[in-house]
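Spelled out from the first residue to the last, the chains are:
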Amino acid sequence: MPSLKEVKSRITSVMSTQQITRAMKMVAAAKLRRSQDRITQMRPFAVKLNAILKNLSAAQTDGDTDHWYSQVRAEKKILIISVSSDRGLCGSFNANVFKGVLRLIDEKYSAQFAAGNVTILPIGRKATEFFTKRGVSTITDFSTLYSALTFGNVSNAMEYVMEAFKNGKYDKVELVYNEFRNVAVQILRTEQVLPIVAPVTDNTQLSNQIDYIYQPDQEEIITGLIPKSLKIQLFKALLDSNAAENGARMSAMDKATDNAGELLKQLRLTYNRTRQAAITKEILEIVGGAEALKSA
């Protein structure tokens, strides 16, 4: 049985940890409110813009397939954008992203990875540390986007990706991130960024397709909207991931606070039992000494 001093020291330590986790939960809750508002305002615009572009792409003529954004090439060189967080203590948030990237490589790009043709563009310090330590080819120029998460900074990252795809440096670009649903639920998403492929449509979908009037013309509109759409797609993914991170950290700290409370109950019970045993031992020693004096 541990000594009273050891148990008391552990109780003090757990109480201190509980105060920290409770404070971190409150901070995460405040950040979650702001990040949730941002993604809630951004998501309808991004989804609608994406739907419009897919509708326009499905109606493109055969000559439009020569555009840089829709060039389907042999998948020799792959770029994977991995979105994680800058800090830990958010449960399995980052681990899910890493597993998703590794699973994507294993299922679709194992041959390219073996040939050294898979490159990771990590956004977030945790992803940068994870893939760098494992010797994976990485581009770390945009790993600190979360320190100043603005559309302008995200646009610079996507401009680099688009330029690299145009020049043939990469044949395909994939995006892996956590989508925010609610505080307790984050869904891992894997999306193809480039090339943009028009969805396969059946007769029913074609009949429901919106007939747009283009001004000045369809070609110019789509060419102008594609870069902006790609930037918005990445910006939305980062806002989603930021909100999901705060939700995951809030849940993790709430669980840690509860666990600390349960541990405190056990430690206090142990402390009381140890103290009671010590008192009982002292009483027995006193009684034994008194009996010894009587017999003497």
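Shown above is the structure to which this text applies.
This text gives an overview of the structure that appears in the document. The structure presented is a predicted model; accordingly, all values stated were derived computationally and were not measured.

1. Here's the deal with the side chain of Ser-85
Tracing the sequence through the fold places Ser-85 in the loop between strand E1 (78-83) and helix H2 (93-108). By relative accessible area, which is 0% here, Ser-85 ends up buried. The contact partners of Ser-85, leaving out residues within four places of it in the chain, are Cys-90, Phe-93, Asn-94, Gly-124, Arg-125, Lys-126 and Glu-245.

2. A short note on helix H7 (residues 218-295)
Taking 1.5 Å of rise per residue, the 78 residues of H7 would be expected to cover 116 Å, and the 112 Å separating its terminal C-alpha atoms lies within 8% of that figure. If you look at H7, its biggest bend is around 30°, right at Ile-226, and the proline Pro-227 turns up within four residues after that.

3. Observations regarding unusual backbone geometry
With omega at -5°, the peptide bond leading from Leu-194 into Pro-195 counts as cis. Structurally, Pro-195 can be placed in the loop between strand E4 (186-194) and helix H6 (203-207). The backbone phi angle of Leu-89 is positive, close to 55°, even though this residue is not glycine. In this fold, Leu-89 is placed in the loop between E1 and H2. Residue class for Leu-89 comes out exposed when judged on its relative accessible area of 55%.

4. Quick look at the environment of Ala-252
Here Ala-252 is to be found in helix H7. Between the C-alpha atoms of Ala-252 and Cys-90, which are 162 residues apart in sequence, the distance is 5.7 Å. Look past the residues within four positions of Ala-252 in its chain and what remains in contact with it is Leu-89, Cys-90 and Gly-91.

5. Overview of the pairing of E1
Counting buried positions over the six residues of E1 gives six, a clear majority of the element. Residues Ile-78, Ile-80 and Ser-82 of E1 are buried on one face, and the alternating residues Leu-79, Ile-81 and Val-83, pointing to the opposite face, are buried as well. Bridge count between E1 and strand E2 (residues 118-123): six bridges; the pairing is parallel. Counterpart to Ile-78 in the pairing with E2 is Val-118.

6. Considerations on the pattern of salt bridges
Tallied over the entire structure, the rule returns 14 salt bridges. Asp-254 serves as the salt-bridge partner of Lys-25, at 2.8 Å between the closest nitrogen and oxygen. Taken together, the residues Lys-25 in helix H1 (residues 4-58) and Asp-254 in helix H7 connect sequence positions 229 residues apart. Residue Asp-254 is classed as partly exposed on the basis of its relative accessible area, which comes to 29%. Connected via shared salt-bridge partners are Glu-75, Lys-108, Lys-172 and Glu-174.

What counts and what doesn't
- Residues numbered from 1 in each chain as written.
- Predicted model: local features only at pLDDT ≥ 70, side-chain atom pairs only at ≥ 80, totals over all residues.
- Heavy atoms only, no water.
- Helix = DSSP H or I, 4+ residues; strand = E, 2+ residues; numbered from the N terminus.
- Buried < 20%, exposed > 50% of the residue type's maximum accessible area, 1.4 Å probe, protein only.
- Contact = heavy atoms within 4.5 Å.
- Expected span 1.5 Å × (residues − 1).
- Bend = angle between axes of the 7 residues up to and from the residue.
- Pairing = 2+ DSSP bridges.
- Salt bridge = Lys/Arg side-chain N within 4 Å of Asp/Glu carboxyl O.

Just distances and angles here, no functional claims.
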